[in-house]
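Report on the structure
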Amino acid sequence: MIDAISIGIHPTTQSRINELDLDNLVFGHTFADHMFVADFDGKEWTDLRIVPYGDMPFKPALMPLHYGQAIFEGMKAYKSEDGEVLVFRPYDNARRLNRSAHRLCMAEIPEDIFMCGLTELLRLDAQWVPQRDNYSLYIRPFMFATDEYIGVSPSKTYRFIIFNCPVGAYYSKPVKVKVETEYVRAAPGGTGAAKCAGNYAASLYPAKLAQEAGYDQLIWTDGKEHKYVEEAGTMNFMFIIDGKLVTPAVSDSILDGITRKSIVQIAKDWGMTVEERKVSVEELIEGIKNGRLQEAFGAGTAAVVSPIYAIGHEGVDYNLPEIKPDNFANRVKRYLDDVKYGRVADPHEWVYQI
Ligand SMILES: *Cc1c(COP(=O)(O)O)cnc(C)c1O
């Protein structure tokens, strides 16, 4: 399958690998030498190539700059003790990218082009995957419209790109979150389940207001009544209630996170009861008051888990129980890290070796 795909490989003559300073990495500011690029010409994906990471010319009428046909993914590669490059669940990202493409009326990318491009890119940039505990290579696949036209209609042409950023330890200190009861991230029938650029643009202003009020992040609630919790900032939201793992069921307003579904699977493997259902704000606050809510945390690729120490609702802050090293959130993070770095068995075959 992968042999049938031919990729033009144009390695850089000026590698920047010697400038890589792992001790001073800032998330998302350091880019590996190369990128994979493919163009959809209206009929098929053509001109598959790996080229130096760098500028791309475009005209002001480029459609996504006006109407937002732009989608992305985020995943990570890890280097094992033996120097193997391991990617966590990349097929799931490829499938989700295509679900986002479908919702935004964009071309879909064949899974073998995604995987073959990723594999060749990581072979070429293997030195950019840091071999250091807690470090990884953040991988950013994304796609955008490339027609130059300002009529409102789906673009006929698209570009798919993968580029990489080495990233350091993301020590997520516990966060204080605010339950959002005015603004909405995603409405029923909207694009909340798609990983599209516009969802992020719409979240920035409410997030800024929350930060100005002293919170680290928002808890998004449902768009109809602000009664049910949906997501934690740009992560999925999970709780331990009476020893059970409880998390909002995915829907058209909740992103189907890969960290979320991995944690759901691990909890089941560990013999825990898992409930994927609606979770009301009231249930959480009652749970904090009567001690049944033991933990709350966000789950996503960047931080893996982000423990929550306090939840604010309508001007009142409710403190959660003390976060201990053997909390579920911390245990599941350690276990997931062990799987990702190839330190333990991988019973669900989540790790893809380059
Ligand atoms: C990407 C994302 C997540 C987390 O998904 P992962 O696959 O676990 O990284 C959760 N919520 C939103 C809105 C996201 O965009």
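Treat the numbers as computed from the prediction; the structure is a model and nothing was measured.

Rules used in this analysis
Residues numbered from 1 in each chain as written. Predicted model: local features only at pLDDT ≥ 70, side-chain atom pairs only at ≥ 80, totals over all residues. Heavy atoms only, no water. Phe/Tyr/Trp six-rings, centres within 6.5 Å; stacked < 30°, edge-to-face > 60°. Helix = DSSP H or I, 4+ residues; strand = E, 2+ residues; numbered from the N terminus. Buried < 20%, exposed > 50% of the residue type's maximum accessible area, 1.4 Å probe, protein only. UniProt positions renumbered as here; feature names shortened; annotations may be inferred. Contact = heavy atoms within 4.5 Å.

Let us look at the packing of aromatic side chains. If you walk through the whole model with that rule in mind, you get 19 aromatic pairs. Judged by centre distance (5.6 Å) and plane angle (75 degrees), the rings of Phe-31 and Phe-163 are edge-to-face. In this pair, Phe-31 is assigned in the loop between β1 (8-9) and β2 (34-40) and Phe-163 in strand β8 (residues 158-167), connecting sequence segments 132 residues apart. Accessibility expressed as a relative area gives 21% for Phe-31, which makes it partly exposed.

Relative to the elements of secondary structure, Arg-99 occurs in helix α2 (residues 90-103). Residue Arg-99 is classed as partly exposed on the basis of its relative accessible area, which comes to 44%. Along the chain, Arg-99 and Ala-194 lie 95 residues apart, while their C-alpha atoms are 7.0 Å from each other.

What UniProt calls "modified residue: N6-(pyridoxal phosphate)lysine" (unreviewed entry) maps, in this numbering, to Lys-195. Assessed through its relative accessible area of 11%, Lys-195 is described here as buried. Setting aside its immediate chain neighbours within four residues, Lys-195 contacts Ile-71, Phe-72, Glu-73, Gly-74, Arg-96, Ser-100, Tyr-200 and Leu-255.

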